[in-house]
Amino acid sequence: MNALTTAAVRADSLPAAGSLQIRGLTKNFGDAQVLHGIDLDVPAGSTTCIIGPSGSGKSTVLRCVNRLEESSGGTILLDGADVSQLNDDVLRRRVGMVFQHFNLFPHRTVIDNITLPLRRVRRISKDAARQIALARLDEVGLAEKADVRPSSLSGGQKQRVAIARALSMSPEVMLFDEATSALDPELVKGVLALMKGLAEAGMTMVVVTHEMGFAREAADNVVFMDRGVVVESGSPEDIFDRPRTQRLRTFLEQVL
Ligand code: ADP
Ligand code: MG
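Residues numbered from 1 in each chain as written. Chains lettered and ligands numbered in written order. Predicted model: local features only at pLDDT ≥ 70, side-chain atom pairs only at ≥ 80, totals over all residues. Heavy atoms only, no water.

Moving on: the overall build of the protein chain. Per the secondary structure count, the protein chain includes 10 helices and 10 strands. The C-alpha radius of gyration computed for the protein chain amounts to 18 Å, which stays within 12% of the reference 18 Å derived for 256 residues, consistent with globular compactness. Judged by the C-alpha coordinates and their principal axes, the protein chain covers about 50 × 40 × 35 Å. For the protein chain, the residues scored as buried account for 49% of the 256 residues in total. In the protein chain, the proportion of contacts linking residues at least 24 apart, taken out of those at least 6 apart, comes to 67%. For the protein chain, the accessible surface area stands at approximately 11,600 Å², while carbon and sulfur atoms represent 46% of it. (Helix = DSSP H or I, 4+ residues; strand = E, 2+ residues; numbered from the N terminus. Rg over C-alpha atoms; globule rule 2.2 N^0.38 Å. Buried < 20%, exposed > 50% of the residue type's maximum accessible area, 1.4 Å probe, protein only. Contact = heavy atoms within 4.5 Å. Areas by Shrake-Rupley, 256 points an atom, 1.4 Å probe, with all protein chains shown as cover.)

The contact between helix H4 (residues 110-122) and helix H5 (residues 126-139) brings their axes to 9 Å, and the two run at 130°. On the basis of their axis angle, the class for H4 and H5 is oblique. Every pair of crossing elements has a handedness; the one defined by H4 and H5 is right-handed. The residues of H5 that touch H4, namely those facing Val-110, Ile-111, Ile-114, Thr-115, Leu-118, Arg-119 and Arg-122, are Lys-126, Ala-129, Arg-130, Ile-132, Ala-133, Leu-134 and Leu-137. (Axes fitted to C-alpha atoms, helices over the stretch in contact; angles between N-to-C directions. Parallel < 35°, antiparallel > 145°, perpendicular 65-115°, else oblique. Left-handed = near helix turned anticlockwise from the far one by under 90°.)

Quick look at the nonpolar core now. Core analysis: the biggest nonpolar cluster contains 49 residues, and Ile-51, Leu-137, Ile-163, Met-174, Phe-176, Met-195 and Leu-198 have the highest contact counts within it. Here this core takes 7 residues from helix H7 (residues 185-200), the largest share from any one element. When sequence neighbours within four positions are dropped, the list of residues in contact with Met-174 reads Gly-96, Val-98, Ile-163, Ala-166, Leu-167, Leu-198, Met-203, Thr-204, Met-205 and Val-206. By size, the runner-up hydrophobic cluster in this structure holds 26 residues, among which are Leu-25, Val-83, Val-206 and Val-208. (Core = buried A, V, L, I, M, F, W, Y, C linked by side-chain atoms within 4.5 Å.)

Let us now look at the sheet that holds strand S5 (residues 81-82). Taken in spatial order, the 4 strands of this open sheet run S2-S1-S4-S5, and their pairing is antiparallel. Strand pairing shows two members of the sheet lacking a second neighbour, strand S2 (32-42) and S5, which therefore form its edges. Relative to strand S4 (residues 73-78), strand S1 (residues 20-29) runs antiparallel, the two sharing 5 bridges. Bridge pairing in S4 places Thr-26 opposite Gly-73. (Pairing = 2+ DSSP bridges.)

This part covers the pairing of strand S7 (residues 173-177). Summarising burial for S7: 5 of the 5 residues are buried, a large majority. Residues of S7 alternate between two faces, with Val-173, Leu-175 and Asp-177 on one and Met-174 and Phe-176 on the opposite face, all of them buried. As defined by bridge partners, strand S6 (residues 95-98) adjoins S7 across 4 bridges and the pair is classed as parallel. Considered in S7, the bridge of Val-95 is made with Val-173. Sheet analysis places S7 next to strand S8 (residues 204-208), joined by 5 bridges and oriented parallel.

Below, the discussion takes up H7. Given a rise of 1.5 Å per residue, 16 residues ought to cover 22 Å, and the 23 Å separating the end C-alpha atoms of H7 matches this to within 8%. Val-188, Gly-190, Val-191, Leu-192, Leu-194, Met-195, Leu-198 and Ala-199 are the residues of H7 that are buried. Positive phi appears at Gly-202, one or two residues downstream of H7, with a value of about 100°. (Expected span 1.5 Å × (residues − 1).)

Note that Ser-168 resides in helix H6 (residues 155-168). For Ser-168, the side chain forms a polar contact with the main-chain oxygen of Arg-165, separated by 2.6 Å. In this structure Ser-168 touches Ile-114, Leu-118, Arg-122, Ile-132 and Arg-136, once residues within four positions along its chain are discounted. (Polar contact = N/O pair within 3.5 Å; in protein donor to acceptor, adjacent residues only side chain to side chain.)

Quick look at the state of the cysteines now. As enumerated under the stated definition, the model contains 0 disulfides in all. Take Cys-49: it sits in no disulfide, and the sulfur closest to it among the cysteines is that of Cys-64, at 19 Å. Cys-49 sits in the buried class, given a relative accessible area of 0%. (Disulfide = S-S within 2.5 Å.)

Turning to the sheet that holds S6, a few remarks are in order. One open sheet accounts for 6 strands, arranged S6-S7-S8-S3-S9-S10; its pairing is mixed. Sheet topology places S6 and strand S10 (229-234) at the edges, where each strand pairs with a single neighbour. Neighbour-to-neighbour, the strand axes of the sheet open up by a mean angle of 20°, direction not taken into account. Each of strand S3 (47-51), S6, S7, S8 and strand S9 (221-226) is contacted by helix H2 (residues 58-65), which is oriented at about 150° to S7, the strand it contacts most. The sheet strands contacting helix H10 (residues 246-255) are S3, S9 and S10, and the helix crosses S9 at an angle near 100°.

A few words now on H6. An α-helix turns once per 3.6 residues; consequently, residues spaced three or four apart project the same way. Between its terminal C-alpha atoms H6 stretches 20 Å, which fits the 20 Å expected from 14 residues at 1.5 Å a residue. Across the 14 residues of H6, 12 count as buried, placing the element largely inside the fold. What H6 keeps buried is the set Gly-156, Gln-157, Gln-159, Arg-160, Val-161, Ala-162, Ile-163, Ala-164, Arg-165, Ala-166, Leu-167 and Ser-168. Positive phi appears at Ser-170, one or two residues downstream of H6, with a value of about 55°.

Remember that the coordinates give geometry; whether it matters functionally is a separate question.
Written as structure tokens, this is what we have:
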């Protein structure tokens with residue numbers, strides 16, 4: 001059985017999508033200002049891809065959204081609520097994040113990787129957590145891997161476990177930070193297909209990616225960042241077919 005063709009996230013298993021509104025976001029690390037007033041609107045149920053050169057601040061934007069980094073200024077609203085006012089567990093539940101390097105616990109089984117944070121954050125019983133985890137694993141095509149350790153999985157499978165883990169919290173928004181950058185080329189497609197399915201199922205997503213094909217196909221909006229500012233944003237056609245600035249044209253010449 002090819003799990004990739006059968007895996008799919010059901011729209012009816014997703015919670016209500018949330019919107020994200022970022023206004024004037026700034027971030028300093030010591031004396032260095034790395035975000036210079038970022039504005040970003042992600043309507044509920046839409047997908048925004050953030051592209052741009054390394055060091056431009058893409059990860060920092062995502063990390064400020066779920067408060068892995070503290071913002072220096074500006075506001076971030078999750079469905080109208082200021083994220084700086086939400087407690088950590090509420091924020092972790094409402095905003096899921098998927099990282100380049102998966103961040104799975106190596107000494108725990110796949111299912112424990114999902115149920116442990118789920119039980120801690122959502123405070124549900126072991127049995128209920130297991131049921132949710134198995135349903136999510138099934139959606140990403142990995143139900144049969146529930147009891148193995150992550151080290152026995154391919155990179156693509158690990159990333160699908162990380163996505164299942166994030167989804168198990170029933171987040172209103174999902175953040176992806178170069179989720180396919182660490183994968184062998186042949187494993188990228190399956191993970192992108194899963195992400196595209198999520199986007200089509202109506203999940204609100206912010207996706208930092210170097211995969212321009214994915215951005216073109218799956219994004220409602222594309223944002224080009226450089227040196228801590230949003231240089232251009234628009235539809236995929238605006239960004240890829242009608243770039244307005246030399247900075248974006250130069251970037252696209254390098255990556256396309
Ligand atoms: P991108 O994801 O676009 O590659 P980042 O958001 O990771 O960019 O980084 C933006 C800038 O902030 C870079 O200059 C980076 O060196 C700096 N930076 C990121 N994290 C830290 C940190 N924890 N301490 C100091 N500087 C940081
Ligand atoms: Mg980054």
